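Per-entry structural report
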Amino acid sequence: MVAKNRFRLTGVECVRFAVENLDEACRFASDWGLTYVVSSDPEVKIFRAVDGSEVQILTADPTRSDRTPIGNPSGLCELVWGVEDRDALQALADELGKDRRAEFDAEGVLHSVDDLGINLGFRVAQRRPVPYDVTRYNAPGHAERINRRAPAYKAAKPREISHVAIGVDDAGQAVQFYIQRLGFIVSDRYANRGIFMRCSPTGNHHHVFFMNGKQPGTRFNHLAFKVRDIHEVIGGGQHLDSLGWKTFAGPGRHTISSACFWYFQSPFGGAWEYAADEDIVTPEWEPQDFAAIAHIFSEWTFGLEKSDGTLKGPISASKEKTL
Ligand SMILES: [Fe+2]
């Protein structure tokens, strides 16, 4: 097993999607609150969160492995991880090159693949936190916001990518490559049916979640973005709802990771999630196995009646049509 964070991984830098309907996907990314950035390659549409986390979108092309989504006609075609420096990139190339492709492109991005066939990229991290006025909360005996109104949001402006969730046949097996070769750490689990992992000992509760899917095969499940607070989760979700995008689940609050969430069906072959107030952990964090507890998806949820996505709740556009 490799040492914890031998490769100085920092998180998800970029998620590359290959989609059937490029225009619709770009409209969703823009409505989501990401900023369009002109790309040097006109076939690749780039959208960024505030810190530089990136989504790249291109038209699916099954004749090219780098433009073939996993599992669905639209979906993930590469997951790009950040590392702190070029030495770490080279160390990764040396490690992965032992038994699989590990090639640098002209821009210095290392491309490889995991044991399930998911294309992986690695690049020196470009994400940079941008300072902002953190929301203050008043609690009995703890006045933190004085003579100031609480923030309200007409739409979300996601700060950064949080994590990616991928449906697989056997999560317990899927995580082995990440643990043994890349030094990922298990943060929490549902036995071997769903495993939350982080790429670095300190930081986000999870950067990737492998879960046993209802259907056989490997496929993109969802991509989560951090927003500033629960008010932005709600404001962003209401904005998406008003534009006609359909809720997948939420708003609600996760039991694991503590995040407040709102998921929407997207043109990317899975859902996108707004998330706020996720757990931040250190090496002292003790992973827990939630397998003995059924339906641990949320502490509470509006709109989601069953875990199969059947919706019932006070969300206008989303209850018009069943999934
Ligand atoms: Fe999530």
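The structure we're discussing is the one just above.
**Things to note about the overall build of the protein**
Looking only at helices and strands, the protein has four helices and 21 strands in total. Taken against the 2.2 N^0.38 rule, which gives 20 Å for 323 residues, the C-alpha radius of gyration of the protein at 19 Å falls within 12% of a compact globule. Across its three principal directions, the C-alpha atoms of the protein cover 55 × 45 × 40 Å. Scored against the burial criterion, the 323 residues of the protein give a buried share of 53%. Sequence-distant contacts, at least 24 apart, represent 67% of the contacts inside the protein between residues at least 6 apart. Taken as a whole, the protein presents about 15,100 Å² of accessible surface, with 50% of it coming from carbon and sulfur. The centroid of the 37 positive side-chain charges in the protein is displaced by 4 Å from the centroid of its 43 negative side-chain charges.

**Focus on the nonpolar core**
Membership of the largest hydrophobic core comes to 63 residues, with the highest contact counts inside it found for Ile57, Trp81, Phe122, Met197, Phe210, Leu223 and Trp272. Excluding residues within four positions of it along the chain, Met197 makes contact with Val175, Tyr178, Ile179, Phe184, Ile185, Val186, Ser187, His205, His206, His207, Val208 and Phe210. One finds Ala165, Tyr190, Phe196 and Ile296 within the second-largest nonpolar core, a separate group that totals seven residues.

**Quick word on the coordination of the iron ion**
Working reference: metal with six octahedral donors, ideal angles 90 or 180 degrees; metal with four tetrahedral donors, ideal angle 109.5 degrees. Distances from the iron ion to its protein donors, namely His163 (NE2), His222 (NE2) and Glu273 (OE), fall within the range 2.1 to 2.2 Å. Read N to C, the donor residues that coordinate the iron ion are spaced as H-x58-H-x50-E. Here His222 is found in strand E14 (residues 219-226), whereas its partner Glu273 is found in strand E17 (residues 271-276), with 51 residues between them in sequence. Both residues of the pair, His222 and Glu273, count as buried.

**Overview of the side chain of Thr135**
Looking at where Thr135 falls in the secondary structure, it is placed in the loop between strand E8 (119-124) and strand E9 (160-168). Here the side chain of Thr135 touches Asp229 through a polar contact of 2.4 Å, side chain to side chain. With residues near it in sequence (within four places) discarded, Thr135 still touches Pro151, Tyr153, Asp229 and His231.

**A closer look at the pattern of salt bridges**
In total, this model carries 18 salt bridges according to the counting rule given. A salt bridge links Arg67 to Glu43, with the nearest nitrogen and oxygen atoms 2.5 Å apart. Linking Arg67 in the loop between strand E4 (54-59) and strand E5 (75-83) with Glu43 in the loop between strand E2 (35-37) and strand E3 (45-48), this pair joins segments that are 24 residues apart in sequence. In the salt-bridge network here, residues are joined through shared partners; they are Arg6, Glu95, Lys98, Asp99, Arg100, Asp115 and Arg181.

**Digging into the packing of aromatic side chains**
Tallying each qualifying case throughout the model produces 24 aromatic pairs. Ring centres of Phe177 and Tyr178 lie 5.1 Å apart, and the angle between their planes is 90 degrees; on these two criteria the pair is classed as edge-to-face. One aromatic cluster in this structure is built from Phe17, Phe28, Trp32, Phe220, Phe225, Trp245, Trp262, Phe264, Phe268, Trp272 and Tyr274.

**A word on the side chain of Thr218**
For Thr218, the position within the fold is in the loop between strand E13 (208-212) and E14. Those residues within four positions of Thr218 in sequence are excluded, and the remaining contacts are Ile70, Gly71, Leu116, Ile118, Ile166, Gly167 and Val168.

**Some words on the sheet that holds E14**
Reading across from one edge, E10-E11-E13-E9-E14-E17-E16-E15-E19 is the order of the nine strands in this open sheet, with mixed pairing throughout. Since the sheet does not close on itself, it has two edges, and those belong to strand E10 (185-190) and strand E19 (298-301), each with one partner. Strand-to-strand twist in this sheet, taken as the mean axis angle between neighbours without regard to direction, amounts to 25 degrees. Sheet analysis places E9 next to E14, joined by seven bridges and oriented antiparallel. Residue pairing for E14: Glu160 is matched across the bridge by Lys226. Here helix H1 (residues 22-32) sits on the sheet in contact with E14, strand E16 (260-265) and E17, set at roughly 10 degrees to E17.

**Quick look at the sheet that holds strand E7 (residues 110-113)**
Read across the sheet, eight strands follow the order E2-E3-E4-E1-E5-E8-E7-E6 without closing on themselves; strand pairing throughout is mixed. In this open sheet, the two strands that pair with only one neighbour each are E2 and strand E6 (103-104). Bridge count between E6 and E7: two bridges; the pairing is antiparallel. Bridge assignment links Glu103 to a residue of E7, and that residue is His111. With respect to the sheet, helix H2 (residues 86-96) is in contact with E5, E6, E7 and E8, its orientation differing from that of E8 by roughly 150 degrees.

**A look at the pairing of strand E1 (residues 9-19)**
Summarising burial for E1: 10 of the 11 residues are buried, a large majority. The pairing of E1 with E5 spans eight bridges and is antiparallel. Bridged to Arg16 within E5 is Glu78.

Reading guide: rules and limits
- Residues numbered from 1 in each chain as written.
- Predicted model: local features only at pLDDT ≥ 70, side-chain atom pairs only at ≥ 80, totals over all residues.
- Heavy atoms only, no water.
- Helix = DSSP H or I, 4+ residues; strand = E, 2+ residues; numbered from the N terminus.
- Rg over C-alpha atoms; globule rule 2.2 N^0.38 Å.
- Buried < 20%, exposed > 50% of the residue type's maximum accessible area, 1.4 Å probe, protein only.
- Contact = heavy atoms within 4.5 Å.
- Areas by Shrake-Rupley, 256 points an atom, 1.4 Å probe, with all protein chains shown as cover.
- Lys, Arg positive; Asp, Glu negative; His and termini not counted.
- Charge placed at Lys NZ, Arg CZ, Asp CG, Glu CD.
- Core = buried A, V, L, I, M, F, W, Y, C linked by side-chain atoms within 4.5 Å.
- Donors = N, O, S within 2.8 Å, 3.2 Å for Na, K, Ca; no water.
- Polar contact = N/O pair within 3.5 Å; in protein donor to acceptor, adjacent residues only side chain to side chain.
- Salt bridge = Lys/Arg side-chain N within 4 Å of Asp/Glu carboxyl O.
- Phe/Tyr/Trp six-rings, centres within 6.5 Å; stacked < 30°, edge-to-face > 60°.
- Pairing = 2+ DSSP bridges.
- Axes fitted to C-alpha atoms, helices over the stretch in contact; angles between N-to-C directions.

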